[in-house]
Amino acid sequence: MTGVGGDPSAAVPTYRGSVDAADLGWTLTHEHLFVLFPELDREHPHPEWDPDAAVASAVRGLEELFDLGVRTVVDLTVPGLGRSAELVGRVARRVRVNIVAATGWYTDDVLPPYFRTHGPGRLVGGPDPLVEILRRDVVDGIGETGVRAGVLKAVTDAPGLTPDVVRVMEAAATVHHETGVPVTTHSNPALRNGLDQARFFLERGVPASHLVIGHSGDSTDLDYVLELVDTGATLGMDRFGMSHTGDDTTRIAMVAELVRRGYASQLVLSHDSAYFSRITPPSWRRTNAPHWTPDHLSRRVVPTLRDQGVDDAAIETMMIANPRRLLTAAPVGAVR
Ligand SMILES: [Zn+2]
């Protein structure tokens, strides 16, 4: 078992190859570079989508982040959200920030038809392609890029634990056990469903030290958040600046309260931002969520947390030690 801050000599896969956990530094654990829609992008491209311009804007943004002290960004864009390791790779080669890739499948309800016919007991049969995809991304690398995914992601939302959502979660748990790679989620805290996720993964032996319940920072319900903390999982306070799902004043107060209660070692802070997202394109963001950018924590949120009594040690725990612990693979077979 690794210590509180993870094994600093362990290696974490990034777009530039393995990086010593000790060198990850200040880390944003839940961001996106490009959220796309490949089927539409091919024949019905979004008017604001220009791959070269998007790459240039991501390069500019990440270089600015480096100057603000950010050293690592986890790109949680997985298949189902239009992940393109090729495009992110183009960015990664031009920036100083480490970028960690993720795998999984983004659906809160059903998987595409391909998965319905493939897998044990299904029409075409064979092994579960979902497990194969996740395993290949983590072990061999994504496509031809050789970039290994360092995080597994699963999603639950209003439809709950549908059969296909459970299939994704089972695949993530399976590949976690084979590789030790951490699991992170998209939850809907208004529905308190982070608790279902924590229960699911803990029951399957994913250690709490390597489990993040994402979007927990959108909760305004301290009782729910404390129940989540009690599971031992880490809470993703990861939507700073995302004004359409909550306000930062409340998010900051929640973080300050949890730190005051001694839970800094179970919090990670991030934005869930993107340089381009077809879901909420750049022009919409500029008008409706102007601070929903990955420099927001550095420029505004962290200084405000300090004003509210969150000390440097707690900030470093949340921004450096916890991500290092999470991203350093858990020892395989050492859980349960
Ligand atoms: Zn996200």
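Residues numbered from 1 in each chain as written. Predicted model: local features only at pLDDT ≥ 70, side-chain atom pairs only at ≥ 80, totals over all residues. Heavy atoms only, no water.

Within an unreviewed UniProt entry, the label attached to the protein chain reads Phosphotriesterase-related protein, and the organism entered is Solicola gregarius. Turning to the protein chain, the UniProt annotation filed under Sequence similarities (unreviewed entry) states: "Belongs to the metallo-dependent hydrolases superfamily. Phosphotriesterase family." (UniProt positions renumbered as here; feature names shortened; annotations may be inferred.)

Visitor: Help me understand the UniProt feature "binding site: Zn(2+) 2" (unreviewed entry) in the protein chain, please; the structure alone is not making it clear to me.
Guide: When the UniProt feature table is mapped onto this chain, "binding site: Zn(2+) 2" (unreviewed entry) is found at Lys153, His186 and His215. Despite a sequence span of 63 residues, these residues sit close together in the fold, their greatest C-alpha distance being 12.6 Å. Within the secondary structure, Lys153 is located in strand 7 (residues 149-155). Discounting chain neighbours no more than four positions away, the residues touching Lys153 are His30, His32, Leu76, Val78, Leu81, Thr103, Gly104, Trp105, Tyr106, Val168 and Thr184. Looking at Lys153, its side chain comes within polar contact range of the main-chain oxygen of Leu76, at 3.1 Å. The topology assignment puts His186 in strand 8 (residues 183-186). (Helix = DSSP H or I, 4+ residues; strand = E, 2+ residues; numbered from the N terminus. Contact = heavy atoms within 4.5 Å. Polar contact = N/O pair within 3.5 Å; in protein donor to acceptor, adjacent residues only side chain to side chain.)

Visitor: Can you walk me through the UniProt feature "binding site: Zn(2+) 1" (unreviewed entry) in the protein chain in this structure?
Guide: Taking the UniProt record as the reference, the feature "binding site: Zn(2+) 1" (unreviewed entry) is found at His30, His32, Lys153 and Asp272. For the residues just named, distributed over 243 residues, the greatest C-alpha separation is only 13.5 Å, placing them together at one site. The class of His30 is buried, set by a relative accessible area of 2%. Contact partners of His30, with chain neighbours within four places excluded, come to Val74, Leu76, Lys153, Thr185, His215, Asp238, Ser270, His271, Asp272 and Ser273. Within the secondary structure, Asp272 is located in the loop between strand 11 (267-269) and strand 12 (276-277). For Asp272, a relative accessible area of 8% gives the class buried. (Buried < 20%, exposed > 50% of the residue type's maximum accessible area, 1.4 Å probe, protein only.)

Visitor: Mind showing me how you'd approach the coordination of the zinc ion here?
Guide: Working reference: metal with six octahedral donors, ideal angles 90 or 180 degrees; metal with four tetrahedral donors, ideal angle 109.5 degrees. Looking at the zinc ion, one finds its protein donor set to be His30 (NE2), His32 (NE2) and Asp272 (OD), positioned 2.1 to 2.2 Å from the metal centre. Considered as a linear motif, the donors of the zinc ion on their single chain read H-x1-H-x239-D. Here His32, found in the loop between strand 3 (26-31) and strand 4 (34-35), pairs with Asp272, found in the loop between strand 11 and strand 12; they are 240 residues apart in sequence, far enough to count as distant. Each member of the pair, His32 together with Asp272, is buried. (Donors = N, O, S within 2.8 Å, 3.2 Å for Na, K, Ca; no water.)

Visitor: Would you mind going over the sheet that holds strand 11 with me for this structure?
Guide: The pairing of strands in a sheet happens through backbone hydrogen bonds and is either parallel or antiparallel. As summarised here, the arrangement of the eight strands in space is 3-5-6-7-8-9-10-11, forming an open sheet in which the pairing is parallel. Unpaired on one side and paired on the other, strand 3 and strand 11 mark the two borders of the sheet. The sheet shows a mean angle of 30 degrees between the axes of neighbouring strands, taken without regard to direction. For strand 10 (residues 234-237) and strand 11, the ladder comprises three bridges, and the chain directions are parallel. Across the sheet, the residue bridging to Met237 is Leu269, located in strand 11. (Pairing = 2+ DSSP bridges. Axes fitted to C-alpha atoms, helices over the stretch in contact; angles between N-to-C directions.)

Visitor: Where do I start with helix 11 (residues 296-307) in this structure?
Guide: Each α-helix turn comprises 3.6 residues. Residues three or four places apart therefore point the same way. Taking 1.5 Å of rise per residue, the twelve residues of helix 11 would be expected to cover 16 Å, and the 16 Å separating its terminal C-alpha atoms lies within 8% of that figure. Buried within helix 11 we find His296, Leu297, Ser298, Val301, Val302 and Leu305. The arc enclosing the buried residues of helix 11, seen along the axis, measures out at 140 degrees, which places them on a common side. Elements that come into contact with the buried residues of helix 11 comprise strand 3, strand 5 (70-75), helix 9 (248-260), strand 11 and helix 12 (312-327). Once helix 11 ends, the next one or two residues include Gly309, with phi positive near 95 degrees. (Expected span 1.5 Å × (residues − 1). Arc of directions from axis to C-beta.)

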